[in-house]
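Coordinate inspection notes
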Amino acid sequence: MVDFQDSIRAENGMDTAEPGLELTASSLIQVDYFAPPAAVSDFVTTLYHFRCDERKFRDVQPSSVGHLALFPYGKGEMHFRAGHRDPNHEVALMTPLSTANPIFVDGPFHAIGAALTPLGWAALTGLHAGEHRDRLRAASEVLGDEIAVRGSELNAKYRAGEMTGHECALALGDYIGGKVKPINSRHAELIKVVNTWLGSALNPDLRDLLARAAYSERQVQRLTERYFGLSPQALARKYRALRAAALLSFPKLTPEFEAELGEAFFDQSHMIREINRFVGRTPARLKDPDSPYLTEMIAPKNLRELGS
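On a predicted model such as this, the values are computed, not experimentally measured, just so you know. (Residues numbered from 1 in each chain as written. Predicted model: local features only at pLDDT ≥ 70, side-chain atom pairs only at ≥ 80, totals over all residues. Heavy atoms only, no water.)

1. Examining the confidence of the model for the chain
Note the following rule: The score called pLDDT rates the predictor's confidence residue by residue, from a low of 0 to a high of 100. Two residues qualify as a contact provided that any one of their heavy atoms is within 4.5 Å of a heavy atom in the partner residue.
Per-residue confidence for the chain averages 87 on the pLDDT scale, and 85% of its residues sit at or above 70. For the stretch residues 1-18, pLDDT sits under 50, and the model shows 46 contacts to residues farther than four places along the chain or on other chains.

See the structure below:
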């Protein structure tokens, strides 16, 4: 039997996620991830501190949950599939992303942030994730002037060496903890049900979700898009690609995981296209030992909201 990962590399030995786009070498990137304090762990998946001191930074942001982020260094843009471009404001709110999107920044580029769970997104912003997805906005547009002032203070202290990236990330976590508002308890329970359903298999059956949810099919569709940014079917497709990418980044797959991957996609070409769309890399690039940033972004621990 041909090794599943070897056959992937043989079929697709180069990265075609962004034709003509030369990505910044991951060896030039430093990134640290921090577990959120227990008080905000329901609202924040992870805290992070990212650095690249090159004059030009080019990469692809995988499809993801929403982020509250500081950009103390670097000016650039995120380019979206719909054709629009958004600048990286110094204090920014990245809305949930439905696909991977390229990033172009004049460096050095430093980012400090908090990745929000679907519950955290709703409790912090109050926004409909589907209506506001795929944007990089000034945080003050959504959260008010207070976050602009606090974020600017943190950026200034970071640039002056008075606070570390870790300390600034924790301060963002504290801000989130002080600003989240309760959401409808039944809606919060549905978020948990959807998370569990997404984590149950690479190709979860919609009928299983409907059986567990205390809502009609139409309500489940509407509420899932409100809190996750996509319909259940589209959301399952997104996380199938993200979880498959996480599996393929492992040094070796177990026979059970190989079988699950083989059943989750029509064929290898289908899997390559899906991972490329949602992760921004082809499977051949996922096992690159020189890619710590990407490897960490798709690590199972950072899909914690799915019970990974």
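2. So, empty space enclosed by the protein
The condition is simple: As defined here, a cavity is a set of points on a 1 Å grid over the protein atoms alone where a 1.4 Å probe fits but cannot get out. A pocket is an open set with protein on both sides within 12 Å along at least five of seven lines, and residues line them when an atom is within 4 Å of a point. Grid points are joined across faces, edges and corners, and a volume is the space filled by probe spheres set on the points. Strands are runs of DSSP state E lasting at least two residues, helices are runs of H or I lasting at least four, and both sets are numbered from the N terminus onward.
For the structure shown, the criterion picks out 3 cavities of 30 Å³ or more. Its boundaries defined by the atoms lining it, the second largest cavity holds a volume of some 80 Å³. In terms of lining, the second largest cavity is formed by 13 residues, of which the most central are Val 65, Pro 96, Pro 118, Tyr 227 and Phe 228. When contributions to the lining of the second largest cavity are tallied by element, the ones reaching two or more residues are α2 (118-125), α9 (217-228) and α10 (232-248).

3. Quick notes on the packing of α10 against helix α12 (residues 268-279)
Note the cut-off: An axis is simply a line fitted to the C-alpha atoms; with a helix, the fit covers only the stretch in contact. Between two such axes, the angle follows the N-to-C directions and lies from 0 to 180 degrees. By the definition adopted for this analysis, an angle is roughly parallel if under 35 degrees, roughly antiparallel if over 145, roughly perpendicular if from 65 to 115, and oblique otherwise. Residue polarity follows a fixed list, in which Ala, Val, Leu, Ile, Met, Phe, Trp, Tyr, Cys and Pro are nonpolar, Asp, Glu, Lys and Arg are charged, and the others, Gly among them, are polar.
Interaxial distance between α10 and α12 falls to 9 Å at its minimum, and their mutual angle equals 100°. By the angle between their directions, the pair α10 and α12 is classed as roughly perpendicular. Residues Arg 237, Lys 238, Arg 240, Ala 241, Leu 242, Ala 244, Ala 245 and Leu 248 of α10 lie in contact with α12, whose contacting residues are His 270, Met 271, Glu 274, Ile 275, Arg 277, Phe 278 and Val 279. When its residues are assigned to classes, the contact of α10 with α12 shows 9 nonpolar, 1 polar and 5 charged.

4. Observations concerning α2
Keep this limit in mind: The rule is simple: take the accessible area with a 1.4 Å probe, protein chains only, and divide by the maximum for that residue type; under 20% is buried, over 50% is exposed, in between is partly exposed.
Where burial is concerned, most of α2 is hidden: 7 out of the 8 residues are buried. Listing the buried residues of α2 in full gives Pro 118, Gly 120, Trp 121, Ala 122, Ala 123, Leu 124 and Thr 125. Where α2 ends, the next residue or the one after it, Gly 126, has phi of about 70°, a positive value.

5. Notes on the packing of aromatic side chains
Stated precisely, the cut-off is as follows: To pair, rings of Phe, Tyr and Trp, with the six-membered ring standing in for Trp, must have centres within 6.5 Å; the planes then decide the type, stacked if under 30 degrees apart, edge-to-face if over 60, and tilted in the middle. Charge-over-ring placement is defined geometrically: NZ (Lys) or CZ (Arg) within 6 Å of the ring centre, and within 35 degrees of the ring normal.
Taken as a whole and assessed by the stated rule, the structure comprises 6 aromatic pairs. Centroid distance Phe 50 to Phe 57: 5.4 Å. Interplanar angle 80°. Geometry classified as edge-to-face. The burial state of Phe 50 is the same as that of Phe 57; both residues are buried. Summarising the aromatic geometry, the rings of Phe 57 and Phe 109 are spaced 5.1 Å apart at their centres and angled 45° between planes, so their arrangement reads as tilted. Residue Phe 57 is found in strand β3 (residues 56-61), and its partner Phe 109 is found in strand β7 (residues 101-116); the two are separated by 52 residues along the sequence. By the ring-pair criterion, three or more aromatic residues cluster together here, those being Phe 50, Phe 57, Phe 71 and Phe 109. Across from the ring centre of Phe 278, 5.8 Å away, lies the NZ or CZ of Arg 277, which sits over that ring.

6. Examining the side chain of Arg 240
Note the cut-off: Nitrogen and oxygen atoms within 3.5 Å of one another constitute a polar contact, given that in protein one can donate a hydrogen and the other can accept it, and given that sequence-neighbouring residues count only through two side-chain atoms.
Mapped onto the fold, Arg 240 is located in helix α10. Since its relative accessible area comes to 10%, Arg 240 is described here as buried. Here Asn 203 takes part through its side chain, which lies 3.2 Å from a polar atom of the side chain of Arg 240. There is a polar contact of 3.3 Å between the side chain of Arg 240 and the side chain of Glu 274. Ignoring anything within four residues of it in the chain, the contact list for Arg 240 reads Leu 202, Asn 203, Ala 264, Phe 265, His 270 and Glu 274.

7. Digging into the nonpolar core
The following threshold applies: Throughout this description, the term nonpolar core refers to a set of buried Ala, Val, Leu, Ile, Met, Phe, Trp, Tyr and Cys residues connected via side-chain atoms within 4.5 Å.
In this structure, Val 194, Leu 198 and Leu 261 are the most contacted members of the largest nonpolar core, which totals 34 residues. For this core, the secondary-structure elements that each account for two or more residues are α7 (185-198), α8 (206-212), α9, α10, α11 (255-264) and α12. By size, the runner-up hydrophobic cluster in this structure holds 30 residues, among which are Ile 112, Leu 143, Leu 154 and Cys 168.

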